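# Summary of the model geometry
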Amino acid sequence: MAAVTTLLSTRGLSRHFGGLRAVENVDFDLPEGEIRALIGPNGAGKTTFVSMLCGRIPPSSGQIIFGGRDVTALPAHKRVQMGIAYTFQITSVFSALSVRENVELAVQRIYRASPAALRDESDALLGRVGLEGRSDQIAGDLAYGHQRLLEIAMGLGQNPRLLILDEPTQGLSDGEVQSFIRLIHEVARETTVLLIEHNIDVVMALAQKITVMNFGAIIAEGTPEEIRANEAVQAAYLGG
Amino acid sequence: MSRALTFHIGAIIVLAALQFILPVYHSGNLARIMVLAVYAMGYNVMFGYAGLLSLGHAMFFAVGMYGAGLSVRLFDMAAAPAFGTGIIASILFSLGVGLLALRTIGVAFMIVTLMFSQAIYLLILYFNPLTRGDEGFVIPRAVRQVAGFDLSDPTTRYFAALLLFAICLLGMVWLVRSRTGRVLIAIRENEERARMLGYDTWAHKLFAVVLSGTMSGAAGAAYGLLFGSIGASFAEVPFSILPLLYVLLGGPGTVIGPFVGTVFMFYLRDISSSFTDAHMLVAGVALVLLTMYARRGIMGVVRERWAKWLP
Amino acid sequence: MEFGPHLILAILEGLVQASVLTLTALGLSLVFGVMRVVNVAHGEFFMLGAVFAYGVASSIGGAPVVGFVAALIIAPLLVGVLAVAADWLILRRLDHDPERTIVATIGMLYVIQQVTLMTYGPDAHPVAPPFNQRIAIPWFEFTGKGLEFYFPWGLSTTSYKLFVVAAAIVAGLGVWLLMARSRLGLILRATQLDRETALAFGIPVARVYALTFGFGAALAALGAVLVVPIQQAHYLMGGDPLLLSFIVVIIGGLGSLRGTVLAAVLIGMSNGIISVFFSPTLAKILATLLVAMVLVYRPQGLFGKKPA
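Below you will find a few notes about this structure. These numbers were taken from a predicted model, which means no experiment stands behind them.

## A few points about the interface of chain A and chain B
- Between chain A and chain B, the contact holds 27 residues from the first and 16 residues from the second.
- Between chain A and chain B, a total of about 2,000 Å² is buried, with carbon and sulfur atoms accounting for 55% of that surface.
- The three residues of chain A that bury the most area against chain B are A:His77, A:Phe94 and A:Gln108, which together make up 30% of that side's buried surface.
- Linking chain A with chain B are three salt bridges, by the criterion used here.
- Here B:Arg182 and A:Glu104 are joined by a salt bridge, their closest N and O atoms 2.3 Å apart.
- Counting across the chain A and chain B interface gives 13 residue pairs in polar contact (both at pLDDT 80 or more).
- Elements with a contribution of two residues or more to the side of chain A that touches chain B: α2 (76–82), β6 (84–87), α3 (99–107) and α5 (144–157) of chain A.
- Per-element tally for the side of chain A that touches chain B: the top contributor is α2(A), with four residues.
- Partitioned by chemical class, the residues of the side of chain A that touches chain B number 15 nonpolar, seven polar and five charged.

Following this line, the structure appears as structure tokens:
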């Protein structure tokens, strides 16, 4: 096996809201090509942590290194341009625009092509996530689960190096969850995936490694089997 | 050629033909309407496309107008370079306004633009010896000449107005279908999402302010040079409200909407002025009714019901 | 006049302006604070107060005192009722959405102003002050004989102007008592703090909003009734109070009544003082730019949401 390079790492990353330490002194490394799950009880600081990764929230202190470059001071759009794609926990699509226009907006930044090619590319992506035939619908009219899928299509459309998914399966039906798992397996051949997820079946089916957070800090990290056996994790979930 | 492009080129051809058909009174009105429609189109770039509601657009119109007018009055410039000066002044001014005002959002943005505009109006009054304040001044007929054309001649004036209008209209058709135009719409719909798709939303908004201010300034400069009169009333608050009204009525976020809205409001005011001096009454009633019942405006409804392809 | 007496005169004028401004700005601040609505038609409610005051005073006749007192009660009430109706018929249907409400209140501004023009006419009309004794103010001088008092020519005020200051203080205290001590004030503050929770606790938010809008307008009208014996009633008189109230509310910190009063006194005084010494246009330019800069460089503290 070839040596794996680290795509993303943080050193001493912290974020305080007033007196609350949402994220405290986190050292985190994510190798290229991995599917990593980030789990933890509600309020553990997961969303705050990934929001700092993609630049939505500035850290109080610490460092973020992406692709060998210190991106701590870069604005969000620059990091996205470098290849960090983020799908929102609370569905955030352009609800007044058509489904296709939503994806085109994601694709057009990296894909300099004619309108027709852009359109085909977008429709192909929609097919990939299981939204074929819905291109002309208004995004806001889609069912909630379908809006989640649209979000994923918009993430993929950016052809990212790192895809951050914040609770992507929330609100999906069982069948949709299964196709989501297949899709992410496929995506992971080209992309590193960081997944915040509450559905433990999804985590076990997808993640190569799991990072567990509680009270703003990483309490455990390892393979699914190791995490399953970890007492601290069990304490956090059962006692926390 | 796409349907959208055909439609807008068709509209320009119809307008050109109207000059030969309409009675003098109405073609005179239409020339004025086309210049005001450019002002409204500029407003639409910010409000209709980028979702930035300005309450002080008269400052851009006035900077263009006084930029051109004062060049003539103080430096004896000819019409063409004066027009150019007006536009350069508008670009620089709107850049400055954008850099400051875009630090705010929502209601604060509205009030900041209102305050800047009020400051410009007051500055015009304050520098009375240069601007002749409220009274304003006239650009003499002899100066209003470009390449042998007399801009004070009604026919020439009509076509000069049409030329400016056509450039802006077709420019808008192109813009809203370009990548940049689509990003502006994305910002209007959901700025945070647009940012997280990797777009520099701040730079795009700044572009919208500069383009909007420059178009409005071009309208101001053209108005001064075509109709010859320059005055502080063009910088007053009601003149900032007019393009908002035109755009709301015609359809925010549609290319032809500002023109449609300008035509309707112009004639509504024209008709109402025959029985009352209170010509802003119509504007007030229209603003209230439009916000309550018809937020999409005329062309917005047309697009929704019959012509989805309308940009 | 020498500098000293001149300054005293300017301060007195400033005090009168500040008093009226305090009431007007309190109304705007209350409406913004509780409803998050920027009422651009606020100046027109001020104007209506003055015009109604003229209407009431001139139709009652008799001694100026009778007409004035009647106007002081009736005009703000009428304006308040009108504003309640406007909120109920228009703003409520816009869900008090900030941007749409601003546009709608701009529309209301023109409707009120132009209807006044069509009915009341373009001329300005005075209301007779209930009393108006000239009060000369002494000034001092050091001469060879020591400190000497005298009455410089032109250094005077009127009993009515002093009454305006006193009335504004009383009304301001009334508003404070209402907000801080009454049940209604508690409801208003609760609604201001969190609309959703207020709804959940059974506060009829729609009615509270209408009442607040009416009360805010009535405060502006009260200020106008006080000022109309000094400054005549005219259909365009709403512009300056609107602009100044905006300035006051923004500088004072939105929704903060104490800040509003403080800023109103500061701006009213300085406006009065500056316009005695400098061109009023220059004063206005500086004031508008000051407001813009406060908003630009302290947006979150005043209008915007807190950054995440």
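Having seen it, we continue.
## A closer look at the side chain of A:Thr87
- Its location among the elements puts A:Thr87 in strand β6.
- When near neighbours in sequence (up to four residues on either side) are disregarded, A:Thr87 contacts A:Glu151, A:Ile152, A:Gly155, A:Ile164, A:Leu165, A:Asp166 and B:Arg193.

## Topic: the environment of B:Phe116
- Summarising the element assignment, B:Phe116 is placed in helix α5 (residues 106–126).
- On the accessibility criterion, B:Phe116 (8% relative accessible area) is buried.
- C-alpha of B:Phe116 to C-alpha of B:Leu92: the two residues are 24 residues apart in sequence and 15 Å apart in space.
- In this view, B:Phe116 contacts B:Met59, B:Val97, B:Leu100, C:Leu289, C:Ala292 and C:Met293; residues no more than four positions away in its chain are not counted.

## Considering the sheet that holds strand β4 (residues 61–66) of chain A
Residue and element names in this part refer to chain A.
- One open sheet accounts for four strands, arranged β2-β1-β4-β5; its pairing is antiparallel. Only two strands of the sheet have a single neighbouring strand rather than two, namely β2 (20–31) and β5 (69–70).
- The pairing of β4 with β5 spans two bridges and is classified as antiparallel. Counterpart to phenylalanine 66 in the pairing with β5 is arginine 69.
- Relative to strand β1 (residues 6–17), helix α1 (residues 46–54) is tilted by about 120 degrees, and along the sheet it contacts β1, β2 and β4.

## Description of the interface of chain C and chain B
- Contacts between chain C and chain B engage 38 residues on the former and 39 residues on the latter.
- A buried area of about 3,400 Å², summed over both sides, lies between chain C and chain B, and 83% of it is on carbon and sulfur atoms.
- Inspection of the chain C/chain B interface yields zero salt bridges.
- For the pair chain C and chain B, the interface holds two residue pairs in polar contact (both at pLDDT 80 or more).
- For the side of chain C that touches chain B, the secondary-structure elements that each account for two or more residues are α4 (98–119), α9 (239–252) and α11 (280–297) of chain C.
- For the side of chain C that touches chain B, the element with the most residues is α4(C), which contributes 15 residues.

## Concerning helix α6 (residues 174–187) of chain A
Residues and elements named next belong to chain A.
- The terminal C-alpha atoms of α6 lie 20 Å apart, and with 14 residues this matches the ideal 20 Å at 1.5 Å per residue to within 8%.
- Along α6, the residues that are buried comprise Val177, Phe180, Ile181, Leu183, Ile184 and Val187. The buried residues of α6 occupy an angular sector of 165 degrees when the element is viewed end-on, so they sit on one face.
- Buried-residue contacts for α6 involve β3 (35–39), α4 (115–129), α5, β7 (162–166), β8 (192–196) and α7 (200–206).

Conventions used here
- Residues numbered from 1 in each chain as written.
- Chains lettered and ligands numbered in written order.
- Predicted model: local features only at pLDDT ≥ 70, side-chain atom pairs only at ≥ 80, totals over all residues.
- Heavy atoms only, no water.
- Contact = heavy atoms within 4.5 Å.
- Buried area = accessible area lost by both parts, 1.4 Å probe.
- Salt bridge = Lys/Arg side-chain N within 4 Å of Asp/Glu carboxyl O.
- Polar contact = N/O pair within 3.5 Å; in protein donor to acceptor, adjacent residues only side chain to side chain.
- Helix = DSSP H or I, 4+ residues; strand = E, 2+ residues; numbered from the N terminus.
- Nonpolar A, V, L, I, M, F, W, Y, C, P; charged D, E, K, R; others polar.
- Buried < 20%, exposed > 50% of the residue type's maximum accessible area, 1.4 Å probe, protein only.
- Pairing = 2+ DSSP bridges.
- Axes fitted to C-alpha atoms, helices over the stretch in contact; angles between N-to-C directions.
- Expected span 1.5 Å × (residues − 1).
- Arc of directions from axis to C-beta.

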